[in-house]
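Fold and geometry: a report
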Amino acid sequence: MSSTAATLAPPEVLARYEAVIGLEVHVQLATRTKIFCGCPTSFGAPPNTNVCPVCLGLPGALPVLNRRAVEMAVKAALALNCTVRPVSRLARKNYFYPDLPKGYQISQYDEPLAEGGWVEIFVNGTRKRIGVTRVHIEDDAGKSLHEGFEDSDRYTYVDLNRCGTPLIEIVSEPDLRSSEEAYAYLTELKLLMQYIEVSTCDMEKGHLRCDANVSVRPRGAETFGTKTEVKNLNSFRFLKAALDYEIARQVAILENGGAIVQETRLYNPDTGETMGMRTKEYAHDYRYFPEPDLLPLRISEEWRERIRAEMPELPSQKRARFVEQYGLREYDAQVLTLSRDLSDYFERAAAVSGDPRGTANWVMGDLLGALKAEGKEIPESPVSAEQLGELVALISRGEISGKLAKEIFAKMWATGDSARTIMEREGLRQISDAALIEKIIEEVLAANPKQVESYRSGKSGVLGFLVGQVMKATRGQANPALVNELLRKKLG
Amino acid sequence: MDAGFLRSLTIDAVRQGLLRKEFRAVELAEAMLRFAQAEDARTRAYLHFCPERAFSAARRVDEKIARGEDPGPLAGVPVAVKDVILTKGVRTTCASRLLANYIPPYDATAVVRLEEAGGVILGKTNCDEFAMGSSTENSAFGPTRNPVDPERVPGGSSGGSAAAVAQGTAVVALGSDTGGSIRQPASFCGISGVTPTYGRVSRYGLVAFASSLDHIGPFGKTVRDNAILLRVIAGRDERDSTSAFAPVPDYPALLDGDVRGVKIGLPREYFKGLASETGDLILRAVDLLRKLGCEVFDISLPTTDYAIACYYIICTAEASSNLARYDGVRYTTRNFEADTLVEMYRRTRGEGFGAECKRRIILGTYVLSAGYYDAYYLKAQKVRALIARDFAEAFQKVDAIITPVSPFPAFKLGEKIDDPLEMYLSDIYTITGSLAGIPCMSVPCGRTASGLPVGMQILARHFDEAGMLRLADAFERAGGTAGA
């Protein structure tokens, strides 16, 4: 919890309340072209260059629905376990804003693409299903640029490149009960959309945007409290902080005998607070009506099933398989499926190593640690999945010790060379020659008569010291299992 | 090329003249532009001319003919285009102050097809602002006068296109029709005009008034000219999702004059309380069709009474949304004195739109508002479905329906401008066909005692423009349009 939230209501007071949260998430579909015209969706082009009469809303222009965008939206709806309507309708949502050149957004209203799905989340060791009310498609507006120009005190600039970018809106049921659950839900949504490749979900580029409906009620209460809508939750960190703040704010009002005002509030990441927006300005009546320029959207059973058949393995399915097939712990399976890159990396490495659990430990520990330290992503890892698999195989076959492996891994990371190359180049091969080890053991025993004595008098703990001495004498290269075995034999 | 010659031209006459080398397309364009500019001092059919575009189109035709190539079905034909249809590089104002200086960056599909067929666009014609009106008096740039009687309106909203064809300053013209905006001015000016089936002609590049009702269609002095132009502009366009895949017949080739056995329905709702002169002329026309071998039946379209209310809810609702983009932010004129965004919107739109547009935007905004949607818009859609069903049932019994186009002939300028309801009633016979999305047309059927043209409306089944045109053409051949 943020400090701002804590000053509003102490934890013991908060504990008497329960939050009720629903999220509205906008996901940008990864089509090459826009939803109603052929303009590219690429990010970062000079302002007002990825535009045409259709997305500029010029007089006389008409929209033509992008088939690929529909397919992606259907795919997303199916992944969210929704029922896809055989016939849905596009509808106009009317409002005035300078970055909305048609004067309306083409969205869906009372006949959305899909309804009635769910997403499974995993919070504090328990699974929970969060209902998905609906999934619908719509076009994005442009961007109003209020800052950064010489005359920004007097003018707002408008960049219409983003106009007509395809979006889906995913509306959840008010099933979330804490900021942690909201965080887990959004994480799972992002993961799903990335897995099925309908969106890159790059939050910095606005590919994933989130608004929340929040209310609180005393624990045990049946009815919902008055809700507020919190906007601008465009990073995972903001989402949690804003929800914590808003929950505490509402609890504090109720504790002081006040009432919650139903309103739209904007999260300000600089102050960590949510602020009410002037209701008068935003009291919209969107005057929805069916878009007469587009025919009803028909999705045949055949088309829908073809899209379903193309669906890759979803994260939840993959997690279950990892537990089943590789004998991983649930938690490990959860971590390793956090992205498709990561789970693919793990599976490729495990295939080479033949030791899935050992591979899981290495991926989650050394690999992710090294990546995090350098701010890199899986595809940028200097150590390939196959190379890591080889390293794990060397350990599990007893050719190198874990300690040596860590040394080798660091060198692999630095050079990009394979474990074997490094071992050969640096003479790091493990000593498994029994005769050689026996010779060293004899030297060690001779140099440490007191310890030999105490071992023989029953203090078996001394064995570790003696093993350590042998390892030291071989610069860590002796096979530890063999050292153990031979030492015991020698000591009788 | 004198005025009499220019006035007499049809598409076929232009073609023959060109192929027989009696004149070149460029010469015709030049003569026609000069004639049009002179006539326009009297009628103001055109808002502006585009001579450069006309000459380059005409030159292409002359070059093709010189090379012995087929110059296309509209070779060298001078065409007028209503100023709600976009022409790349040529001002398209919608007769609105807001778009007074708007130069579109692309052509409407109908314009592209027309020019590919060899048509020569002379200029853009006057109309009611954003095609909203029935008299062309709602133009921000002044009214058009009826060439038959300059004291009277040419009808609307495509009054400029109708007047240009009627006075012979264009051989054919493109208009647009939402509730009668082609048929009514055609009847007021004594020419023919066609509202095709909804979806038959692409709306891409037609500035939207009411998207589910808007059509582009032709005007011509003869039915055959309408048939030729319609064939050129009709057909599927992938840029308009509502355009139909239905194949386009060779309309002019099907005009064989044989209408024996064609079943015609006269809906009784359209004849009660009709001014006797108009009614008499329509019934006389029906007698002629009977003589040509048609069978005539009394039919009923019982939902007719609800059409005006239904139409003015749907068209204003859609208009309120379609006209939202004229907001001062991008290409329209703008009020620069406003201090805030909302103030800029208010003043730009308040100063930019004329009274009729404002009336319809307000009405349309109201009927779509929360709490009123079900009572107005949704109910109107249900009524619309009933009206369409009425027609579908009627067309099980008859092949065509004949009605008047307008309850009265061309009225005087200013006569109805202060009474919007009275003005709306001039669409009473034309809006039902628009709501049903069926093809309809106006063909002249005589004049009143005071010499004002009267039009007969023919309505047909979805995509049966061929049957409708054949009936109109047979009527014309039999002398039915003579004197109009």
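For clarity, every value in this text was computed on a predicted model and none was experimentally measured. (Residues numbered from 1 in each chain as written. Chains lettered and ligands numbered in written order. Predicted model: local features only at pLDDT ≥ 70, side-chain atom pairs only at ≥ 80, totals over all residues. Heavy atoms only, no water.)

**A word on the overall build of chain A**
Helix and strand counts for chain A come out as 18 helices and 16 strands. Over its C-alpha trace chain A gives a radius of gyration of 30 Å, far above what one expects of a compact globule, namely 23 Å for 492 residues. Across its three principal axes, chain A shows a C-alpha extent of roughly 95 × 55 × 55 Å. Of all 492 residues assigned to chain A, the portion counted as buried reaches 52%. For chain A, long-range pairs separated by at least 24 residues make up 70% of all intrachain contacts whose partners lie at least 6 apart in sequence. For chain A, the exposed surface amounts to about 22,900 Å²; the carbon and sulfur share of it is 51%. For chain A, the centre of its 62 positive side-chain charges and the centre of its 68 negative side-chain charges are spaced 3 Å apart. (Helix = DSSP H or I, 4+ residues; strand = E, 2+ residues; numbered from the N terminus. Rg over C-alpha atoms; globule rule 2.2 N^0.38 Å. Buried < 20%, exposed > 50% of the residue type's maximum accessible area, 1.4 Å probe, protein only. Contact = heavy atoms within 4.5 Å. Areas by Shrake-Rupley, 256 points an atom, 1.4 Å probe, with all protein chains shown as cover. Lys, Arg positive; Asp, Glu negative; His and termini not counted. Charge placed at Lys NZ, Arg CZ, Asp CG, Glu CD.)

**With respect to the domain arrangement of chain A**
Domain parsing of chain A yields domain 1 (6-304), domain 2 (313-426) and domain 3 (434-491). Put simply, the middle of domain 2 of chain A and the middle of domain 3 of chain A, counted by C-alpha atoms, are 32 Å apart. (Domains from an automatic or database assignment.)

**Things to note about the sheet that holds strand β9 (residues 400-404) of chain B**
Residue and element names in this part refer to chain B. If you walk across this open sheet you meet the 11 strands as β1-β3-β2-β4-β6-β5-β10-β11-β9-β7-β8, and the pairing is mixed. At either end of the open sheet lies a strand with only one pairing partner, and these are β1 (46-49) and β8 (295-299). Taking each pair of neighbouring strands and ignoring which way they run, the sheet shows an average axis angle of 30°. Where strand β4 (residues 172-177) and strand β6 (residues 215-220) come together, 6 bridges link them in antiparallel fashion. For G175, the partnering residue across the bridge sits in β6 and is G217. Seen against the sheet, helix α4 (residues 51-66) touches β1 and β3 (120-125) and runs at an angle of roughly 160° to β3. Sheet strands touched by helix α5 (residues 109-116): β2 (78-82), β3, β4 and β6. Its angle to β3, the strand with the most contacts, is close to 150°. (Pairing = 2+ DSSP bridges. Axes fitted to C-alpha atoms, helices over the stretch in contact; angles between N-to-C directions.)

**Overview of the pairing of strand β7 (residues 263-267) of chain B**
Residue and element names in this part refer to chain B. Taken across its 5 residues, β7 has 4 buried, putting it largely inside the fold. Strand direction decides the pairing type here: β7 and β9, joined by 2 bridges, are parallel. Bridge pairing in β9 places I264 opposite A400.

**Re the packing of helix α13 (residues 402-415) of chain A against helix α14 (residues 419-426) of chain A**
Residues and elements named next belong to chain A. Two numbers describe how α13 lies on α14: the axes approach to 9 Å, and their chain directions differ by 105°. With respect to their mutual orientation, α13 and α14 come out roughly perpendicular. Here I408, K411, M412 and T415 of α13 come into contact with α14, specifically with A419, I422, M423, R425 and E426. Of the residues assigned to the contact of α13 with α14, the class counts are 5 nonpolar, 1 polar and 3 charged. (Parallel < 35°, antiparallel > 145°, perpendicular 65-115°, else oblique. Nonpolar A, V, L, I, M, F, W, Y, C, P; charged D, E, K, R; others polar.)

**Some remarks on the sheet that holds strand β2 (residues 83-84) of chain A**
All names here are of chain A. Strand order in the open sheet made by the 9 strands is β2-β6-β7-β10-β1-β11-β12-β13-β14, with mixed pairing throughout. Looking along the sheet, the strands with just one partner apiece sit at the ends: β2 and β14 (273-276). Summarising the sheet, β2 and strand β6 (residues 114-123) pair through 2 bridges and their orientation is antiparallel. Within β6, the residue paired with T83 across the bridge is E115. Those strands touched by helix α5 (residues 236-255) are β1 (17-28), β11 (208-218), β12 (228-231), β13 (264-268) and β14, and its axis lies near 25° from that of β11.

**Here's the deal with unusual backbone geometry**
All names here are of chain B. Cis rather than trans, the peptide bond between G156 and S157 has omega equal to 10°. Phi at R44 takes a positive value of approximately 55°, unusual for a residue other than glycine. Within the secondary structure, R44 sits in the loop between α3 (25-43) and β1.

**Quick look at the environment of I191 of chain B**
Residues and elements named next belong to chain B. With respect to the element layout, I191 can be found in the loop between α7 (183-189) and β5 (192-195). The class of I191 is buried, set by a relative accessible area of 3%. For I191 and V223, which are 32 residues apart along the polypeptide, the C-alpha to C-alpha distance reads 8.8 Å. Residue contacts for I191: discarding those within four places in its chain leaves A162, V165, A166, A186, F219, G220, K221, S442 and P444.

**Concerning the packing of helix α16 (residues 449-456) of chain A against helix α17 (residues 462-473) of chain A**
Residue and element names in this part refer to chain A. Interhelical geometry of α16 versus α17 gives an angle of 145° and a closest axis separation of 9 Å. Where α16 crosses over α17, the handedness of that crossing is left-handed. Facing α16, whose interface residues are Q451, S454 and Y455, α17 presents V462, L463, F465 and L466. Here the contact of α16 with α17 is built from residues that sort into 5 nonpolar, 2 polar and no charged. (Left-handed = near helix turned anticlockwise from the far one by under 90°.)

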